[in-house]
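As a plain string of letters, each chain reads:
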Amino acid sequence: MIGKVKSISKFGLFVLFSDTKTGLLRWSNIPRRQSKYKVGDLIGVEILKVREDGKYELKFIEKDFEESFGHFLGEATERLKSLKTKNELLKRL
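The structure reproduced in this document is the subject of the present report.

**Side note on the overall build of the chain**
Within the chain one finds 1 helix and 5 strands. Radius of gyration (C-alpha) of the chain: 16 Å, far over the 12 Å computed for a compact globule of 93 residues. Along the three orthogonal principal directions, the C-alpha set of the chain runs to about 50 × 35 × 20 Å. By residue count, 24% of the 93 residues in the chain fall in the buried class. Of the accessible surface of the chain, which amounts to about 7,200 Å², a share of 55% is contributed by carbon and sulfur atoms. Counting 20 positive and 13 negative side-chain charges, the chain places the centres of these two groups 5 Å from one another.

Okay, here's the thing in structure tokens:
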């Protein structure tokens, strides 16, 4: 699945992989040859484990999602922003 880097810590990357779910992709699970990531980057992940406390541990999947889906996600994000703005305007009527 596609995830979006939400934040970076000394443990690894916290990746948002659904509207409300965030998991940790540990540095040890990211191949050394991978480029550095920044907040907002798209990354391929898979759920490795769901811990007893409900936290998700993620596994890295090597795929260039930015190249494959970046344009689509950008358009979808802009469309959602536009719809939210229109919705707010309609609520004021």
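**Quick word on the packing of aromatic side chains**
Aromatic ring pairs are reported here in terms of the distance separating the ring centres and the angle at which the planes meet. Within the structure shown, the criterion is met by 1 aromatic pair. Where phenylalanine 17 meets tyrosine 56, the ring centres are 5.1 Å apart and the plane angle is 80°; that geometry is what we call edge-to-face. A residue pair is termed long-range when its members are at least 10 positions apart, and phenylalanine 17 in the loop between strand S2 (12–16) and strand S3 (22–26) and tyrosine 56 in strand S5 (residues 56–61) qualify at 39 residues. Relative accessible area serves as the criterion here: at 12%, phenylalanine 17 is assigned to the buried category. Overall, the relative accessible area of 18% leaves tyrosine 56 in the buried class.

**Digging into the pattern of salt bridges**
According to the stated counting rule, one finds 6 salt bridges in the structure shown. Between glutamate 88 and lysine 91 there is a salt bridge, with the nearest N and O atoms lying 3.7 Å from each other. You can see glutamate 88 and its partner lysine 91 sitting in helix H1 (residues 65–92), 3 residues apart, about one turn around the helix. Residue classification places glutamate 88 among the partly exposed residues on the basis of a relative accessible area of 39%. Taken together, the shared-partner salt bridges connect Arg51, Asp53 and Glu57 into one network.

**Here we look at the side chain of glutamate 57**
With respect to the helices and strands, the residue glutamate 57 is situated in strand S5. Of the residues examined, glutamate 57 reaches a relative accessible area of 16% and is grouped as buried.

**As for the sheet that holds strand S1 (residues 2–8)**
Strand order in the closed barrel made by the 5 strands is S1-S2-S3-S5-S4, with mixed pairing throughout. The average angle at which neighbouring strand axes cross in this sheet is 55°, direction not considered. Bridging between S2 and S3 involves 5 bridges; their strand directions are antiparallel. Following the sheet pairing, leucine 13 is matched in S3 by leucine 25.

Rules of the game
Residues numbered from 1 in each chain as written. Predicted model: local features only at pLDDT ≥ 70, side-chain atom pairs only at ≥ 80, totals over all residues. Heavy atoms only, no water. Helix = DSSP H or I, 4+ residues; strand = E, 2+ residues; numbered from the N terminus. Rg over C-alpha atoms; globule rule 2.2 N^0.38 Å. Buried < 20%, exposed > 50% of the residue type's maximum accessible area, 1.4 Å probe, protein only. Areas by Shrake-Rupley, 256 points an atom, 1.4 Å probe, with all protein chains shown as cover. Lys, Arg positive; Asp, Glu negative; His and termini not counted. Charge placed at Lys NZ, Arg CZ, Asp CG, Glu CD. Phe/Tyr/Trp six-rings, centres within 6.5 Å; stacked < 30°, edge-to-face > 60°. Salt bridge = Lys/Arg side-chain N within 4 Å of Asp/Glu carboxyl O. Pairing = 2+ DSSP bridges. Axes fitted to C-alpha atoms, helices over the stretch in contact; angles between N-to-C directions.

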